[in-house]
Amino acid sequence: MAHKKKKIGLIGGGQIGGNLALLAVQKQLGDVVLYDIPAAEGLVKGKALDINQLSAVDGLDCRVTGSTDWKDVAGSDVIIITAGVPRKPGMTREDLLDVNLKIMRDVAGNIKQHAPNAFVINVANPLDAMVYALHKIAGLPDNMVVGMAGVLDTSRFKCFVAEALGSSIRDVEALVLGGHGDDMVPLVRHSTVGGVPLTQLIAKDKLDAIIDRTRKGGAELVGLYKTGSAYFGPAASSIAMAESFLFDRKRVLPAAAMLKGQYGISDFFFGVPVQIGAGGVEKVITVELNDAEKAELKKSYESVKQTVELVKL
Ligand code: LMR
């Protein structure tokens, strides 16, 4: 039977969008439509052409189309939303709520109309609140919409641990729970390097510094870039989720996903480990937490809730 190529719709042709398109082609996930508004037509068409020319170097058979027409996005298996404004130094992610909610309204309405069956991954900030808005406006099933940040936050945590130990990142197993904000919860007690608990390898004061740096990982990059925020990490994180869905890998990845009573939270998108496969979010995984971890998670939940309450649809 002929294998049908997958279709990946990327909404937003900026830095993350361009990197997403490149990664999708290099990993041969499927054909890509890189969409943006008409004012950015040259950008998406240029990036598409550039990547298609690059694909000849390695013989990659996935095509990128740059488009300003939602009809081209129709029928996408996966959609990744990066449309929106990035923060600048001195801003919080929450400062982006009004401007990005306006953009999300349009994007989610178009997803509802043109690609209601897609698995949708949101990258726009404030991340958890945008996932809430997207789910509501697009009317997507609970299992077909996620926020990307858990993979990114966990990846930052792992990176800083490997750096501190001078060890291979491959052996670092770690997890960050909670919302994509300064109250996220890097789970030290559950993290290991080569099977050895992190607490036995890194002194408490150093671990505290790593936790703090992880929590402020996005702001550190905003401070360095000055005109925008991270793009390589968010792109790679979203692609890991997309790949798991497209190829039914059933990877367990931390994502902002709909909770239905797990962790004592109901009808709310929040960062926890989930299994992603052909059925979208197929399972929410519950991590055993002690009282201190539960309290930290509650704090993170409360701050996400505060932002979500500001979303007027
Ligand atoms: C990140 O964590 O890199 C993103 O959420 C962008 C930001 O503003 O921090």
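Residues numbered from 1 in each chain as written. Predicted model: local features only at pLDDT ≥ 70, side-chain atom pairs only at ≥ 80, totals over all residues. Heavy atoms only, no water.

## Things to note about the overall build of the chain
So, step 1. Looking only at helices and strands, the chain has 10 helices and 14 strands in total.
So, step 2. On C-alpha atoms alone, the chain measures out to a radius of gyration of 19 Å, which is about the 20 Å that the 2.2 N^0.38 rule sets for 313 residues.
So, step 3. Projecting the C-alpha coordinates of the chain onto the three principal axes gives extents of approximately 50 × 45 × 45 Å.
So, step 4. In the structure as shown, the chain presents an accessible area of about 14,100 Å², 53% of it carried by carbon and sulfur atoms. (Helix = DSSP H or I, 4+ residues; strand = E, 2+ residues; numbered from the N terminus. Rg over C-alpha atoms; globule rule 2.2 N^0.38 Å. Areas by Shrake-Rupley, 256 points an atom, 1.4 Å probe, with all protein chains shown as cover.)

## Quick notes on the sheet that holds strand S10 (residues 192-193)
So, step 1. Strands sit in the order S7-S10-S11 across an open sheet of 3 strands; the sheet is antiparallel. In this open sheet, the two edge strands, each paired with only one partner strand, are strand S7 (172-173) and strand S11 (196-197).
So, step 2. Bridge count for S10 against S11 is 2 bridges, and the pairing is antiparallel. Bridge pairing in S11 places Val193 opposite Val196. (Pairing = 2+ DSSP bridges.)

## Considering the UniProt feature "domain: Lactate/malate dehydrogenase C-terminal" (unreviewed entry) in the chain
So, step 1. What UniProt calls "domain: Lactate/malate dehydrogenase C-terminal" (unreviewed entry) maps, in this numbering, to residues 152-310.
So, step 2. Between the C-alpha atoms that bound residues 152-310 the distance is 25 Å, and the span itself is 43% helix and 23% strand. (UniProt positions renumbered as here; feature names shortened; annotations may be inferred.)

## Some points on the packing of aromatic side chains
So, step 1. Per the counting criterion, the structure on display carries 7 aromatic pairs.
So, step 2. Consider the rings of Tyr225 and Tyr231, whose centres lie 5.1 Å apart with planes at 15°: the pair is stacked. (Phe/Tyr/Trp six-rings, centres within 6.5 Å; stacked < 30°, edge-to-face > 60°.)

## Considerations on the nonpolar core
So, step 1. Formed by 88 residues in total, the largest nonpolar core has its most connected members in Ile111 and Leu134.
So, step 2. With 7 residues, the top contributor of residues to this core is helix H5 (residues 127-138).
So, step 3. Each residue touching Ile111, except ones within four places of it in the same chain, is listed here: Trp70, Ile79, Ile81, Pro116, Val120, Leu134, Ala138 and Leu140.
So, step 4. Counting residues in hydrophobic clusters, the runner-up holds 15 residues, among them Phe157, Val161, Val176 and Val188. (Core = buried A, V, L, I, M, F, W, Y, C linked by side-chain atoms within 4.5 Å. Buried < 20%, exposed > 50% of the residue type's maximum accessible area, 1.4 Å probe, protein only. Contact = heavy atoms within 4.5 Å.)

## Re the pattern of salt bridges
So, step 1. Evaluation of the coordinates by the stated rule reveals 18 salt bridges.
So, step 2. As a salt-bridge pair, Lys5 and Asp31 come within 3.2 Å of each other at their nearest N and O atoms. A residue pair is termed long-range when its members are at least 10 positions apart, and Lys5 in the segment before strand S1 (7-11) and Asp31 in strand S2 (residues 31-35) qualify at 26 residues.
So, step 3. Close ionic contact of Arg213 with Glu220 constitutes a salt bridge, the shortest N to O distance being 2.9 Å.
So, step 4. Exposure remark for Glu220: the relative accessible area of 32% places this residue in the partly exposed category.
So, step 5. A single network of salt bridges, built from pairs that share partners, joins Lys27, Glu243 and Arg249. (Salt bridge = Lys/Arg side-chain N within 4 Å of Asp/Glu carboxyl O.)

## Observations regarding helix H1 (residues 15-26)
So, step 1. The end-to-end C-alpha distance of H1, which contains 12 residues, comes to 17 Å, matching closely the 16 Å that a straight helix rising 1.5 Å per residue would cover.
So, step 2. Buried within H1 we find Ile16, Gly17, Gly18, Asn19, Leu20, Ala21, Ala24 and Val25.
So, step 3. The secondary structure elements touched by the buried residues of H1 are S1, S2, helix H2 (41-58), strand S3 (64-67), strand S4 (78-81) and helix H9 (232-246).
So, step 4. Just past H1, the residue Gln28 takes up positive phi, approximately 55°. (Expected span 1.5 Å × (residues − 1).)

## Let's talk about a nonpolar patch on the surface
So, step 1. On the surface, a cluster of nonpolar side chains totalling about 190 Å² of accessible area is made up of Leu165, Val196 and Leu201.
So, step 2. When you line up the elements, Leu201 lands in the loop between S11 and helix H7 (204-215). (Patch = residues over 30% accessible without salt bridge, like charges linked within 9 Å, V, L, I, M, F, W, Y side chains within 5 Å.)

## What about the environment of Lys7?
So, step 1. Structurally, the position occupied by Lys7 is in strand S1.
So, step 2. Sequence separation between Lys7 and Ala256 is 249 residues, and the spatial gap between their C-alpha atoms is 23 Å.
So, step 3. Excluding residues within four positions of it along the chain, Lys7 makes contact with Asp31, Val33, Asp72, Val73, Ala74, Gly75, Ser76, Asp77 and Val78.

## Focus: the UniProt feature "domain: Lactate/malate dehydrogenase N-terminal" (unreviewed entry) in the chain
So, step 1. Here, UniProt's "domain: Lactate/malate dehydrogenase N-terminal" (unreviewed entry) annotation points to residues 7-147.
So, step 2. The distance separating the terminal C-alpha atoms of residues 7-147 is 20 Å; by composition the span is 45% helix and 18% strand.

## Considerations on the pairing of S2
So, step 1. Counting buried positions along S2 gives 4 out of 5 residues, so the element sits mostly inside the fold.
So, step 2. Alignment of S1 against S2, held across 5 bridges, turns out to be parallel. Looking at the pairing, Gly9 lines up with Val33 of S2.
So, step 3. Considered for its hand, the β-α-β crossover made up of S1, H1 and S2 is right-handed.
So, step 4. You can see the chain leave S2, run along H2 and come back into S3, and the turn it takes is right-handed. (Right-handed = clockwise from strand over helix to strand, strands pointing away.)

## Examining the site of the ligand
So, step 1. Taken together, Arg87, Arg93, Asn125, Leu152, Arg156, His180, Gly218, Val222, Ser229 and Ala230 form the complete shell of residues around the ligand.
So, step 2. The contact in question runs from an oxygen atom of the ligand to an N or O atom on the side chain of Arg87, over 2.5 Å.
So, step 3. When the ligand is considered free in solution it has 260 Å² of accessible area, and contact with the protein chains removes 96% of it.
So, step 4. Breaking the shell around the ligand down by element, the ones donating at least two residues are helix H6 (149-165) and helix H8 (217-225).
So, step 5. In terms of residue class, the shell around the ligand is built from 3 nonpolar, 4 polar and 3 charged. (Near = heavy atom within 4 Å. Polar contact = N/O pair within 3.5 Å; in protein donor to acceptor, adjacent residues only side chain to side chain. Nonpolar A, V, L, I, M, F, W, Y, C, P; charged D, E, K, R; others polar.)

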